[in-house]
Amino acid sequence: MIVRPNYLKMLKKYRDVPLVKILAGIRRCGKSTILEMLKSDLVACGISEEHVILMRYTSEDFDAQMADKDMYHQIRDKMKDDERYYLLLDEVQEVDGWERAVNSLLENTNTDIYVTGSNSKLMSSEISTYLTGRYISIPVFTLSFAEYMEFKREDHKTRAELLTEYLKMGGFPIVALGSFDERSAYQIVEGIYTSVVTNDIARRHKVTNIDLFSRVVRYVVENVGKTFSANSIVKFLKNEGRALSVETIYNYLEWLEKAFVIYRCQRYDLQGKSILKTQEKFYLADFSLKYCILGFNPKSIAAMLENIVYFELLRRGYQVYIGKNGAKEIDFVAVRRDERIYVQVCRRLPEESDREISNLLEIKDHYPKFVVTMDELAAGNVSGIKIVHLAEFLLMEE
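Remember, it's a predicted structure, so these values are computed and weren't measured experimentally.

**Student:** I'd love a proper account of the overall build of the protein chain, names of residues and values included.
**Tutor:** If you tally the helices and strands in the protein chain, you get 16 helices and 13 strands. Computed over its C-alpha atoms, the radius of gyration of the protein chain comes to 22 Å, within 12% of the 21 Å expected for a compact globule of 398 residues. Considered along the principal axes of its C-alpha atoms, the protein chain spans approximately 70 × 55 × 45 Å. Counting over 398 residues, the protein chain shows a buried share of 51%. Surface summary for the protein chain: the accessible area is close to 18,900 Å², and the carbon and sulfur share equals 48%.

Here you go:
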């Protein structure tokens, strides 16, 4: 088991704090392994194994008809004394009414509770009813480049080789742990994608026209990182001779978000200091999701660089927006407490230097400003703007 220390550090921060820790992310991003890491760390810290209860609600012996009372009593039966127990509950959304069971355990037992989940049932309104103010949500993402390098440490490849591989293969841990060619890797990712779209969305929301739903998802994937609206999707489908309402499109986008397939990036007006409700962009939970559907093309890397940088900023705890500065656009404005950074992303700087740098120069404040590029020779500093290679940015210390 390869440890992902950033998640372990975060979980240690909240250990024994009377909040339910909810780890949420797309299927196969590593949530179950993080619980295994946590269990090992608890035991290493002197907690007896009998007081660390790890329950998986996706195992073969899990009763699909289990309700909250069954879940509650099953866990209580494993608690033999009044000492503190650590409950690690994997994929809890499969249990109907899990929020009530977890709330009862939190109120009536001496426990520290950690749960994971992969779809919209985890983030239902029931959480607000039963766990208001009593939980903390910890997003789990696929592997960062730093984590990918750790997974591939035994391969003895150069950083440049690993970056090229990472850009092709993506960050799903199951792919990183193997030695797959592109075709095999994308088949694995396609299996994850199909499971999410078919089971977590289409089946759960009773989508009747799977073909049309899949076409909408494909449109979103094709246009990742671009500005589009529900109306633009409706017009696109109309040109193909298909009909779908704007309301249905909004539902589809919401379901994709709640299944952690796509993430919405809102636009922030730097002059008006307000979040705008139009011209949002969407990014994929992992860029390999695009390749498994559309195939890999070296030219497509440029379009996915924003996706990679966006998630690196999220991993570091930033709230991330698209910046609007008058008529100019900043790729990302990242805010974390009283910190802020501005980031422009481009594949080759010489071709795009005027736009990338001039847009940043027009921002009249003293927060750090970066241009992230794949250009090996472009690193440096221009009027206070740091130009860094993608690998340097992804591995940059806080």
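**Student:** How would you summarise the pairing of strand β9 (residues 328–336) if you had to cite specific residues and measurements?
**Tutor:** Sheet faces and side chains relate simply in a regular strand, where the side chains alternate between the two faces. Where burial is concerned, most of β9 is hidden: 7 out of the 9 residues are buried. In the sheet, strand β8 (residues 319–325) pairs with β9 via 6 bridges, with the strands oriented antiparallel. Among the inter-strand pairings, tyrosine 321 is bridged to a residue of β9, identified as valine 333. Connecting β8 to the antiparallel partner β9 that follows it, the hairpin turn spans 2 residues, and glycine 326 within it adopts a positive phi of roughly 65°. In this sheet, strand β10 (residues 339–346) lies alongside β9 in antiparallel orientation, the contact comprising 5 bridges.

**Student:** Any details on the side chain of arginine 15? Residues and values, ideally.
**Tutor:** If you trace the backbone, arginine 15 turns up in the loop between α1 (5–13) and β1 (20–24). Exposure remark for arginine 15: the relative accessible area of 17% places this residue in the buried category. When residues no more than four places from it in sequence are discounted, the contact partners of arginine 15 are Leu38, Asp41, Leu42, Cys45, Tyr86, Asp112 and Tyr114.

**Student:** Account for the packing of aromatic side chains, naming residues and giving values.
**Tutor:** Pairs of aromatic rings are described using the distance from one ring centre to the other and the angle between the two planes. Following the criterion strictly, the structure yields 20 aromatic pairs and no others. Look at tyrosine 263 and phenylalanine 311: their rings are 5.0 Å apart centre to centre, the planes differ by 85°, and that puts the pair in the edge-to-face class. Of this pair, tyrosine 263 sits in strand β6 (residues 262–269) while phenylalanine 311 sits in helix α14 (residues 301–315), and the two are 48 residues apart along the sequence. Accessibility classification places tyrosine 263 together with phenylalanine 311 in one group, the buried group. In this structure, lysine 21 is placed above the aromatic ring of tyrosine 114, and the distance from its NZ or CZ to the ring centre is 4.8 Å.

**Student:** Pulling in residues and values, what's your account of the sheet that holds strand β11 (residues 369–373)?
**Tutor:** Note on sheets: strands pair through backbone hydrogen bonds, and any given pair is parallel or antiparallel. Taken in spatial order, the 8 strands line up as β7-β6-β8-β9-β10-β11-β13-β12 in an open sheet, and their pairing is mixed. The open sheet is flanked by β7 (274–284) and β12 (380–382), the only strands paired with a single partner. In this sheet, adjacent strand axes meet at a mean angle of 35° when their direction is disregarded. Of the strand pairs in this sheet, β12 and strand β13 (residues 385–389) are connected by 3 bridges, and their pairing is antiparallel. Considered in β13, the bridge of glycine 380 is made with isoleucine 387. Packed onto the sheet, helix α12 (residues 246–258) meets β6 and β7 and runs at close to 110° relative to β6.

**Student:** Give a description of unusual backbone geometry that names residues and reports values.
**Tutor:** Positive phi, close to 65°, is recorded for aspartate 16, a residue that is not glycine. Secondary-structure assignment places aspartate 16 in the loop between α1 and β1. Of note, the phi angle at serine 383 is positive, near 50°, even though the residue is not glycine. Along the polypeptide, serine 383 turns up in the loop between β12 and β13.

**Student:** Now, about the packing of helix α10 (residues 210–222) against helix α11 (residues 230–239): what can you tell me, with residues and values included?
**Tutor:** Two elements in contact, α10 and α11, have axes separated by 11 Å at closest approach and are oriented at 120°. The pairing of α10 with α11 is recorded here as oblique in orientation. The crossing of α10 and α11 is right-handed. In this structure, α10 contributes Leu212, Arg215, Val216 and Tyr219 to the contact, and α11 contributes Ser232, Ile233, Phe236 and Leu237. When its residues are assigned to classes, the contact of α10 with α11 shows 6 nonpolar, 1 polar and 1 charged.

**Student:** Could you give an account of helix α9 (residues 182–203), with specific residues and numbers?
**Tutor:** In an α-helix, one turn spans 3.6 residues, which is why side chains three or four residues apart end up on the same side. The terminal C-alpha atoms of α9, which comprises 22 residues, lie 29 Å apart, in line with the 32 Å expected from a rise of 1.5 Å per residue. For α9, every residue scored as buried is listed here: Ala185, Tyr186, Val189, Ile192, Tyr193, Val196, Val197, Asp200, Ile201 and Ala202. Close packing links the buried residues of α9 with α7 (159–169), α8 (173–176), α10, α12 and α13 (288–294).

**Student:** How would you sum up the pattern of salt bridges? Please name residues and give values.
**Tutor:** In this structure the tally under the stated criterion is 35 salt bridges. Taking the shortest distance from any N to any O, the salt bridge between aspartate 16 and arginine 84 comes out at 2.9 Å. You can see aspartate 16 sitting in the loop between α1 and β1 and its partner arginine 84 sitting in the loop between α3 (68–76) and β3 (85–90), a full 68 residues away along the chain. What makes aspartate 16 partly exposed here is its relative accessible area of 37%. Between arginine 215 and glutamate 222 there is a salt bridge, with its nearest N and O atoms 4.0 Å apart. Its relative accessible area of 14% is what places arginine 215 among the buried residues. Bridged by salt links that share partners, the residues Asp211, Arg215, Arg218, Glu222, Glu240 and Arg242 form one connected network.

Rules behind the numbers
Residues numbered from 1 in each chain as written. Predicted model: local features only at pLDDT ≥ 70, side-chain atom pairs only at ≥ 80, totals over all residues. Heavy atoms only, no water. Helix = DSSP H or I, 4+ residues; strand = E, 2+ residues; numbered from the N terminus. Rg over C-alpha atoms; globule rule 2.2 N^0.38 Å. Buried < 20%, exposed > 50% of the residue type's maximum accessible area, 1.4 Å probe, protein only. Areas by Shrake-Rupley, 256 points an atom, 1.4 Å probe, with all protein chains shown as cover. Pairing = 2+ DSSP bridges. Contact = heavy atoms within 4.5 Å. Phe/Tyr/Trp six-rings, centres within 6.5 Å; stacked < 30°, edge-to-face > 60°. Lys NZ or Arg CZ within 6 Å of the ring centre and 35° of its normal. Axes fitted to C-alpha atoms, helices over the stretch in contact; angles between N-to-C directions. Parallel < 35°, antiparallel > 145°, perpendicular 65-115°, else oblique. Left-handed = near helix turned anticlockwise from the far one by under 90°. Nonpolar A, V, L, I, M, F, W, Y, C, P; charged D, E, K, R; others polar. Expected span 1.5 Å × (residues − 1). Salt bridge = Lys/Arg side-chain N within 4 Å of Asp/Glu carboxyl O.

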